[in-house]
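Coordinate analysis (summary)
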Amino acid sequence: ITRTTGATLSASLKSSAGITNLYGDIREEALASGNLGVDSIYVFEDSTVYSKGERRMTKDLSITHNVNWGRLSVTGSLGITHRDKDFGIFFMPGGNFSLSLDDTGNSVLFGSANRSLRRPTFTDYYYGAHGAIGNIDLEPEWADNFELGTRFNFSNDVFTSVVVEASIFHRQGHNLIDWI
C-alpha cells in the first residue's frame, strides 16, 4: 500500500528584466509492505498483513529566469532538492539558449547544459536482481547533460512545414543505479 501526500506552490513574475518562475514542492511518500521497508516503521494501522514500512519526505525548490534580446532567448535555472533518505542537499543548475538565425524564426541554433537527478526507489533500496537484497545505502544518481543543435523549418508546395533538426549531446552519469 502506498500513500503520497504533498503540496506545491508556484509563481511567475513578469517584468522588463524577463520572466522569473519560482516553484516549491514538499511531499511525503509512505509504503506498507510484506517485503519492502524496515520492521520498525508501520505507516498504516494494519501491521499484521503489512509487517514492514517506509516513509520519506522530499523538499524541492527551484527558480528560473528567462530573458529575450531580439533573436536570442536565454534561460537560467537553479533547483535545490532534499530527501531525508538521501545524503545531503542536491543542487541542479541549468541553462539553455536559442538563437534565431533569420527574421522568421525558421532557422534556430539551440543549446543547453543542466544537471538531472534520479532517486532510488523503494524497490532499489530493498530488492536486488534475481532475489538478492537491495541496498539501503544507495545514493541518488545524477548526471551532467550538454546539448548543441540546430533546427530548420522549410515549407513547399506539398508540405506546410518540414522540420529538420540535428544535435549533438553528452551525458556524464554518476552513482548509477542499475541491476547487473
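The residue count restarts for each chain, going from 1 along the sequence in the order it is written. Only residues with pLDDT of 70 or above have their local features reported here, since the model is predicted, and side-chain atom pairs are shown and tallied only from 80 upward, although totals for entire chains, interfaces and linings are computed over all residues. The basis for every side-chain value is the complete set of heavy atoms in the structure, and neither hydrogens nor water enter the calculation.

**Looking at the overall build of the chain**
Along its length, the chain carries one helix and eight strands. Order of helices (α) and strands (β) in the chain, N terminus to C terminus: β-β-β-β-β-β-α-β-β. Each radius of gyration is computed over the set of C-alpha atoms, and the globule rule expresses the reference value as 2.2 Å times the number of residues to the power 0.38. The C-alpha atoms of the chain give a radius of gyration of 22 Å, which is well past the 16 Å a tight globule of 180 residues would have. Along the first, second and third principal axes, the C-alpha set of the chain runs to 70 × 40 × 30 Å. Here the term buried applies to any residue with accessible area under 20% of the maximum for its type, exposed to any over 50%, and partly exposed to those in between, with areas from a 1.4 Å probe on protein chains only. The buried share among the 180 residues of the chain stands at 27%. Whether two residues are in contact is decided by their heavy atoms: any pair within 4.5 Å suffices. Across the chain, contacts joining residues at least 24 apart in sequence account for 51% of those joining residues at least 6 apart. The numbering of helices and of strands both runs from the N terminus, where a helix is a DSSP run of H or I of at least 4 residues and a strand a run of E of at least 2.

**What about the nonpolar core?**
Leu-31, Leu-36, Phe-122, Tyr-125, Tyr-126, Leu-138 and Ile-177 form the largest nonpolar core, which has seven residues in total. Sort the elements by how many residues they give to this core and helix H1 (residues 122-126) lands first, with three residues. What we call a nonpolar core is a set of buried Ala, Val, Leu, Ile, Met, Phe, Trp, Tyr and Cys residues that are connected through their side-chain atoms within 4.5 Å.

**Remarks on the pattern of salt bridges**
Any Lys or Arg side-chain nitrogen located within 4 Å of an Asp or Glu carboxyl oxygen qualifies as a salt bridge. Counted by the stated rule, this structure contains 11 salt bridges. Here Arg-27 and Asp-25 are joined by a salt bridge, their closest N and O atoms 2.2 Å apart. By relative accessible area, which is 11% here, Asp-25 ends up buried. One salt bridge connects Arg-115 with Asp-144, and the closest N-O pair in it is separated by 2.8 Å. Here Asp-144 lies in strand S7 (residues 141-154) and Arg-115 lies in strand S6 (residues 107-118), a separation of 29 residues in the sequence. Members of the salt-bridge network, linked through shared partners, are Arg-118, Asp-124, Glu-141 and Arg-171.

**A word on unusual backbone geometry**
Unusually for a residue other than glycine, Asn-175 sits at a positive phi of about 55°. Inspection of the secondary structure assignment puts Asn-175 in the segment after strand S8 (162-174).

**What about the side chain of Ser-107?**
Structurally, Ser-107 is set in strand S6. Given a relative accessible area of 16%, Ser-107 falls into the buried group. Leave out the neighbours within four places in its chain, and Ser-107 touches Leu-99, Ser-100, Leu-101, Asp-102, Arg-151 and Phe-152.

**A closer look at the packing of aromatic side chains**
Stacked, edge-to-face and tilted are the three classes for Phe, Tyr and Trp ring pairs, Trp counted by its six-membered ring, which pair at centre distances within 6.5 Å; planes under 30 degrees apart are stacked, over 60 edge-to-face, the rest tilted. Within this structure, the stated rule accounts for two aromatic pairs. For the pair Phe-152 and Phe-154, a centre-to-centre distance of 6.3 Å together with 25° between the ring planes defines the contact as stacked. For Phe-152, a relative accessible area of 29% puts it in the partly exposed group. We classify Phe-154 as partly exposed; its relative accessible area is 47%. One Lys or Arg, Arg-56, reaches over the ring of Phe-122 and ends 3.8 Å from the middle of that ring. Geometrically, a lysine NZ or arginine CZ counts as sitting over a ring once it is within 6 Å of the ring centre and also within 35 degrees of the ring normal.

**Considering the sheet that holds strand S2 (residues 18-33)**
Taken in spatial order, the eight strands line up as S1-S2-S3-S4-S5-S6-S7-S8 in an open sheet, and their pairing is antiparallel. Where the open sheet ends on each side, the last strands, each with one partner, are strand S1 (2-15) and S8. The average undirected angle you get between the axes of adjacent strands in this sheet is 10°. Strands are labelled as partners when DSSP assigns at least two bridges between them. In this sheet, strand S4 (residues 72-83) lies alongside strand S3 (residues 52-69) in antiparallel orientation, the contact comprising 12 bridges. Along S4, the bridge assignment pairs Ile-63 with Leu-78. Note on geometry: axes are lines fitted to C-alpha atoms, helical ones only across the stretch in contact, with angles between N-to-C directions running from 0 to 180 degrees.

**Focus: the pairing of S1**
Of all 14 residues in S1, zero are buried, a share of ten percent or less. Joining the antiparallel neighbours S1 and S2 is a turn of two residues.

Read these as spatial facts, not as claims about activity.
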